[in-house]
Structure formats: C-alpha cells, structure tokens
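Analysis of the macromolecular model
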Amino acid sequence: MSRLGIKNIGILVTGDVKNPISKGNTIIVEDGKILKIGNESLLEEFKCDKVIDAKGTTVAPGLIDSHVHPVLGDFTPRQNTIGFINSSLHGGVTTMISAGEAHTPGRPKDPAGTKALAILGHKSSKNARPGGVKLHGGALILEKGLVESDFEELAKEGVWLVGEVGLGAVNSPELAAPMVKWAKKHGFKVMMHTGGTSIPGSSTITADDVINTDPDVVSHINGGPTAVAPEEVDKIINNTNMALELVQCGNYKVMKHTVNMVKEKDQLERIIIGNDSPSGSGIIPLGILRTISYIASETDATAEEAICFATGNTAKTYGLNVGLIEEGREADFVIMDAPLGSIGENSLKALEAGDIPGVSMVIIDGEVMVTKSKNTPPATHGAVIC
C-alpha cells in the first residue's frame, strides 16, 4: 500500500461543472486512487509515503484530450513526429481518446481490415503508455460491409469506441444509423464527424445528418477544420442531448457561439474538449490548455467551468474513472499557477486574461510524471515534493 498527500492547495478544481470549486485544500491518494479530500488534518490521520506542497496554487484533474488520431505508440506519420503523446503530458493531458486511427499508412477499408486495425490499436494502447498517458486507442472506423456480429466480436476483444463517423466510406445516415444502433447495443461510444471534410475520403456532414445518425458525441462541432453554420449548431443543440465537442484545430467564432448558446441554456455539462490532432493543422501539445484559455477569456463560461469541459464532462461522456477529484477516482492531477509575467493573480485569473497557466507538476495514478513542464511558461509558484 502506498499513500500520497497533496497539501496547501490554493484552488481545487473538482472537474464537476455543476460544482467546479471545492473548499478542500488537501488530498490523500492510496494505491493510485483518491482516498480522501479535506483539510490538512488528513495528514495526521493518514501517514503518507510522499507529500507534495502545492504552494497555494491550483490543483485540477488531469486534462482529457477527447479527440486524437494516433497510429501506434508515440509516433504519428501525419506530421512525421515521435513523442507527441509525451509532449501533451507536459500540457497537463493525462488521458487521450482516439477518434480513429485514420492516418495509418495503407489503412485497410474492408470489414476484416478495419476490425483488425481497431483491435490492434486498442490492445497496443493498453500496453504502451508514453509518459504514463492513458490513451484509449482502437476506435473502429465504419466501412461498408460491417454487420452486427462484427460489433459483438469487437466488444469481446475490448474495443468500445467508434471513430468519428464519416472518416470511412460509411458517411450518410442511411448507411451509418443501423451500424450506430448495433454499436450502442454492444456498449460502444460513438462519435461523428461534423462539418467540412478533413482528409480525402471524408465527407461534409450537416446537422440533419448528425441528428438522423444519433451518435453519442458531435465531433468538432466548431469545425474540423471547417464548421457548420451557427444555425446548424443551434439545431443540434436544441434538438439533441448529444455531447458537443470543441476542438483546438477548428473555428474559434463557432466555438464562442457554441459555448455561449449552451451556457444560456444551462447545459454546460454537454461540452467536451479535444485537439483533433495530429492533423494538417499540426501537433499542438498545449492545445487543450489553449482551448480552455480561449473559452475562459472570450466566452461567457468561467475558467473553472472551462477546465471542467476538459475533465469531468469528458469522463462522464465516455464513462471513464478519471477527470473528477472525488473519492474512488483515479488520481490524475495537474498542478498549475499563473505564468510568470501574467496579469492574473492565479491560474484561473490568468486563463480569464487569455494566458496559458504554468504547469509545475503532472501526476498520474498517484505517481509524479512531470515536475516542471517543458512546454508551458514557468509557473509563478511551483509545487514541490516535501
């Protein structure tokens, strides 16, 4: 049994968008999961093997990137880059969700091949965790010829994601809707490409296409890279209860419109955040933090709400035991503060000023993986191991 304590927390962001700030200033972790949250008297009750002093800074759940296009391991041929997952760790990302291994060289487009790729991606991502990041890989790309028994077979192998509908040849409600029903029946979470095309072979998808297909997640509602019109966004918001994914590699005007529209309707729990990278826009290790910063500084959402979009909201959408600072959750944290030179007095004020916080520590399953980010600006005050 191992225990970790985190004390002297200035701001504790819970990940719960309905209650984003906790009064607690101390966390106890046991064997990689959160055991208790409260005040420093917990350190007298529970003897810890290691204690981190947060130095009055912000502790938040590890960030979740809801939209990545990996291949195998920490390499992507899309930008011929090695180490992009580990680099994202230095931007506070502790969990990633594949939207489909679409950039795999020679990607197979027959039923047997697309199933094999999903199984390979899923099992590879379970065995390889660059920097400790939890990549949920192996998102099935829908191709013509798949039948219900294929989804049953894949579920038995542990595959549980359908990559964004529209990447493959199945790109219309007539073709996709039956497969989406089969996928949901067998426990899959389904995401769907929205807006203009992103790679050769993908298709422009409208609000009606999304509504008639009925996925769980509206992928990059703000464009990946081209967005639907604001009226189309409103149609999806008003006529569905689907999760609404905002991405860094998309349209910022539509991002702002979406957040403000959902805030007005008091449905902020629907918003999740991804990078949609690696892509033609590049690889953006700080993409989740950059998106949080844009939302916090340019929309009606607060900084703490924006952090929840990239943590608890995503965890709840995909049924993951991360993303929330509550007892029993996996102990993934990012510790951050206002960056040097910011007008913000803490990480939240810095985000609302449009700055990216300085990450001083990243923790996964109770283990310290980063003690100083190589990608963010330096934190004004940094956490230390006592």
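Residues numbered from 1 in each chain as written. Predicted model: local features only at pLDDT ≥ 70, side-chain atom pairs only at ≥ 80, totals over all residues. Heavy atoms only, no water.

Selection rule: UniProt positions are given in the numbering used here, feature names are shortened, and annotations may be inferred rather than shown by experiment.
Per an unreviewed UniProt entry, the protein chain goes by the name Enamidase and belongs to Proteiniborus ethanoligenes. As stated in UniProt under Cofactor (unreviewed entry), the record for the protein chain gives "Zn(2+)".

Describing the domain arrangement of the protein chain
Stated formally: Either an automatic procedure or a domain database provided the assignment from which the domain bounds are taken. By the convention used here, residues are in contact when the closest approach between their heavy atoms is within 4.5 Å. Salt bridges are identified by distance alone: a Lys or Arg side-chain nitrogen within 4 Å of an Asp or Glu carboxyl oxygen. Here a polar contact is taken to be a pair of N or O atoms separated by no more than 3.5 Å, where protein atoms must pair a possible hydrogen donor with a possible acceptor and residues adjacent in sequence count only if both atoms sit in side chains.
In terms of domain boundaries, the protein chain breaks down into domain 1 (3-61 + 324-385) and domain 2 (63-318). The C-alpha centroid of domain 2 is placed 27 Å from the C-alpha centroid of domain 1. Contacts between the two partners involve 34 residues from domain 1, matched on the other side by 35 residues from domain 2. Inspection of the domain 1/domain 2 interface yields seven salt bridges. Here Asp266 makes a salt bridge to Lys18, at a shortest N to O gap of 3.9 Å. Connecting domain 1 to domain 2 are 12 residue pairs in polar contact (both at pLDDT 80 or more).

With respect to the pattern of salt bridges
What counts is decided by this rule: In DSSP terms, a helix is any run of H or I states spanning at least four residues, a strand is any run of E spanning at least two, and both are numbered starting from the N terminus. We call a residue buried when its accessible area falls under 20% of the maximum for its residue type, exposed when it is over 50%, and partly exposed in between, using a 1.4 Å probe and counting protein chains only.
By the definition in use, this model includes 19 salt bridges. Between Lys235 and Asp208 there is a salt bridge, and its shortest N-O distance comes to 3.4 Å. Note that Lys235 is positioned in helix α7 (residues 230-239) and Asp208 in helix α6 (residues 207-213), a separation of 27 residues in sequence. When its relative accessible area of 30% is taken as the criterion, Lys235 is described as partly exposed. Among the residues examined, Asp208 registers a relative accessible area of 39% and is labelled partly exposed. Through salt bridges with shared partners, a single network forms among Arg129, Lys134, Glu330, Asp332 and Asp365.

What to know about the packing of aromatic side chains
Keep this limit in mind: Two aromatic rings from Phe, Tyr or Trp, using only the six-membered ring of Trp, form a pair when their centres are within 6.5 Å; if the ring planes differ by under 30 degrees the pair is stacked, by over 60 it is edge-to-face, and anything between is tilted.
Across all of its chains, the model carries four aromatic pairs by this definition. Seen from their ring centres, Phe151 and Phe188 are 5.8 Å apart, and the 80 degrees between their planes marks the pair as edge-to-face. Of this pair, Phe151 sits in helix α4 (residues 148-156) while Phe188 sits in the loop between α5 (173-185) and β14 (189-192); the two residues are 37 residues apart in sequence, bridging distant segments of the chain. A residue is classified by how much of its surface remains accessible, and Phe151, at 0% relative accessible area, is buried. What makes Phe188 buried here is its relative accessible area of 3%. The interplanar angle of 80 degrees and the centroid separation of 6.3 Å between the aromatic rings of Trp160 and Tyr318 together place this pair among those described as edge-to-face.

Thoughts on the sheet that holds strand β6 (residues 50-53)
Quick note on the threshold: Note on pairing: two strands pair once DSSP finds at least 2 bridges between them.
Ordered in space as β5-β4-β1-β6-β21, the five strands form an open sheet in which the pairing is mixed. Whereas interior strands pair on both sides, the edge strands pair on one side only; in this sheet they are β5 (33-38) and β21 (384-385).

Some details on the side chain of Asp150
With respect to the helices and strands, Asp150 occurs in helix α4. When residues no more than four places from it in sequence are discounted, the contact partners of Asp150 are Lys115 and Gly145.

Here we look at α7
One turn of the α-helix equals 3.6 residues, which is why residues spaced by three or four share an orientation. Worth spelling out the cut-off: To be clear, the arc concerns the directions from the helix axis to the C-beta atoms.
Among the residues of α7, those classed as buried are Val233, Asp234, Ile236 and Ile237. Buried residues of α7 fall within an arc of 160 degrees about the axis and therefore sit on the same side. Those residues of α7 that are exposed and angled more than 90 degrees off the buried face are Glu231 and Asn239. Packing partners of the buried residues in α7 comprise α6, β15 (217-218), β16 (243-247) and α8 (252-264).

A look at unusual backbone geometry
Gly224 connects to Pro225 through a cis peptide bond whose omega is 5 degrees. Locating Pro225 in the fold gives a position in the loop between β15 and α7. A positive phi angle, close to 60 degrees, is found at Asn8, a residue other than glycine. Within the secondary structure, Asn8 is located in the loop between β1 (3-7) and β2 (11-13). The residue Lys55 is not glycine, and still its phi comes out positive at about 55 degrees. One can find Lys55 in the loop between β6 and β7 (58-61). A relative accessible area of 42% places Lys55 in the partly exposed class.

Looking at the sheet that holds strand β18 (residues 333-337)
Within the open sheet, the six strands sit side by side as β3-β2-β7-β18-β19-β20. Their pairing is mixed. Two strands in the sheet have a free side with no partner beyond their single neighbour: β3 (21-22) and β20 (367-370). Strand direction decides the pairing type here: β2 and β3, joined by two bridges, are antiparallel. Its bridge partner being in β3, Leu12 is matched across the sheet by Ser22.

Here we look at the environment of Pro61
Assignment of secondary structure puts Pro61 in strand β7. Spatially, the C-alpha atom of Pro61 lies 9.1 Å from that of Ala310, the residues being 249 residues apart in sequence. The residues touching Pro61, leaving out its near neighbours within four places in the chain, are Val13, Thr14, Gly15, Thr311, Gly323, Leu324, Ile325, Asp332, Phe333 and Val334.

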